[in-house]
Amino acid sequence: MSGPTVNLDNPALVAPKRLKPLFAPGTDKDQALVIFVLGGPGAGKGTQCANLVRDYGFKHLSAGDLLREEQQRPGSEFGEMIKTYIKEGKIVPMEVTIQLLENAMKATIEENGNRKFLIDGFPRKMDQAIKFEEVVVPSKFTLFFDCPEETMRARLLNRGLTSGRSDDNEESIKKRFVTFVETSMPVVNMFNNEGRVIKVDATKTPEEVYEVVVKEFASKGLEFMQK
Ligand code: UDP
Ligand code: MG
């Protein structure tokens, strides 16, 4: 596929050139806690993120949701491009996604001071992973939902009955799996080699999976919020 490309001459879109991450660790005022949530399409990232938001007070930022929002924003110059990439299960050029994430983080901090973020479905390509940690903030760790393709396929087809998503159909699902294996798993493997991945078996019920997540978070010093 040769879809539309990003206009790199547009200054709004070139990933910022910074010498230090925006939320550099060590500078108290500017810190942000980021946990990447990865897993194949249909692994259950969104479901588990909702639990974590409820119990730990994270702000949930789904890269896919932010892209779909931008796609629908009237006047967006990236709408058509994003639409094509999503339908094809390909990864939108990182400049767009990183900027959307950074904007959403800044907006959240301004709105209510929350600096704890679950970044769901990102980074799923090596260049995004490296650039985000370089210019925005290094992640604390990656929560990886491990799930066989057959299970994910069944979940996605089921979701497709009601989701209205342009990519929850047989053909797009196949392409998303290929992208996941070829492009996104190398990112998970890199973080894993650095000892920065919590891997959770995602084949069980949402409640059972979440129990494991809570235990793993405790082992990282993350406890439920005071209610
Ligand atoms: N996407 C992308 N870059 C990202 C995250 C998502 O280009 O960093 C696109 C990609 O085409 C992907 C689609 O958005 O297939 C849907 O992503 P989403 O996270 O919503 O899917 P999920 O994994 O939750 O099924
Ligand atoms: Mg999702």
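What counts, and where the lines are drawn
- Residues numbered from 1 in each chain as written.
- Chains lettered and ligands numbered in written order.
- Predicted model: local features only at pLDDT ≥ 70, side-chain atom pairs only at ≥ 80, totals over all residues.
- Heavy atoms only, no water.
- 1 Å grid on protein atoms, 1.4 Å probe; cavity = no way out; pocket = protein on both sides within 12 Å on 5 of 7 lines; lining within 4 Å.
- Points joined across faces, edges and corners; volume = space filled by probe spheres on them.
- Helix = DSSP H or I, 4+ residues; strand = E, 2+ residues; numbered from the N terminus.
- Nonpolar A, V, L, I, M, F, W, Y, C, P; charged D, E, K, R; others polar.
- Axes fitted to C-alpha atoms, helices over the stretch in contact; angles between N-to-C directions.
- Parallel < 35°, antiparallel > 145°, perpendicular 65-115°, else oblique.
- Left-handed = near helix turned anticlockwise from the far one by under 90°.
- Contact = heavy atoms within 4.5 Å.
- UniProt positions renumbered as here; feature names shortened; annotations may be inferred.
- Polar contact = N/O pair within 3.5 Å; in protein donor to acceptor, adjacent residues only side chain to side chain.
- Buried < 20%, exposed > 50% of the residue type's maximum accessible area, 1.4 Å probe, protein only.

### Section: the layout of surface pockets
Approximately 830 Å³ is the volume attributed to the largest pocket. Lining the largest pocket are 45 residues, and of these Pro41, Lys45, Arg124, Arg165 and Arg176 lie nearest its centre. Of all the secondary structure elements, the ones that give two or more residues to the lining of the largest pocket are strand S1 (33-39), helix H1 (45-56), strand S2 (59-62), helix H2 (63-72), helix H3 (79-87), helix H6 (149-163), helix H7 (170-193) and helix H8 (206-219). The residue inventory of the lining of the largest pocket, partitioned by class, reads 16 nonpolar, 17 polar and 12 charged.

### Looking at the packing of H6 against H7
In the contact formed by H6 and H7, the axes pass within 11 Å of each other and the chain directions differ by 140 degrees. As summarised for this structure, H6 and H7 are arranged oblique, according to the angle between their axes. Considering only the axes of H6 and H7, their crossing is right-handed. Contacts from Glu149, Met152, Arg153, Leu156, Leu157 and Arg159 in H6 reach Glu170, Ile173, Arg176, Phe177 and Val181 in H7. Tallied by class, the residues present in the contact of H6 with H7 amount to six nonpolar, no polar and five charged.

### Structural notes on the UniProt feature "binding site: ATP" (unreviewed entry) in the protein
Mapped onto this numbering, the UniProt entry annotates "binding site: ATP" (unreviewed entry) at Gly42, Ala43, Gly44, Lys45, Gly46, Thr47, Arg159 and Lys204. Of the annotated set named above, Gly42, Ala43, Gly44, Lys45, Gly46, Thr47, Arg159 and Lys204 line the largest pocket. Along the chain, the position of alanine 43 falls in the loop between S1 and H1. Setting aside anything within four residues of it in sequence, one finds alanine 43 in contact with Phe145, Cys147, Met152, Arg155 and Ala202. You can see lysine 45 is positioned in helix H1. What lysine 45 contacts, discounting residues up to four positions off in sequence, is Val37, Leu38, Gly39, Gly40, Asp120, Gly121 and Phe145. In terms of polar contacts, lysine 45 uses its side chain to reach the backbone carbonyl oxygen of glycine 39, at 3.1 Å.

### Describing the environment of glutamate 102
Here glutamate 102 shows up in helix H4 (residues 94-112). By relative accessible area, which is 1% here, glutamate 102 ends up buried. Separated by 30 residues in sequence, glutamate 102 and phenylalanine 132 have C-alpha atoms that sit 9.1 Å apart.

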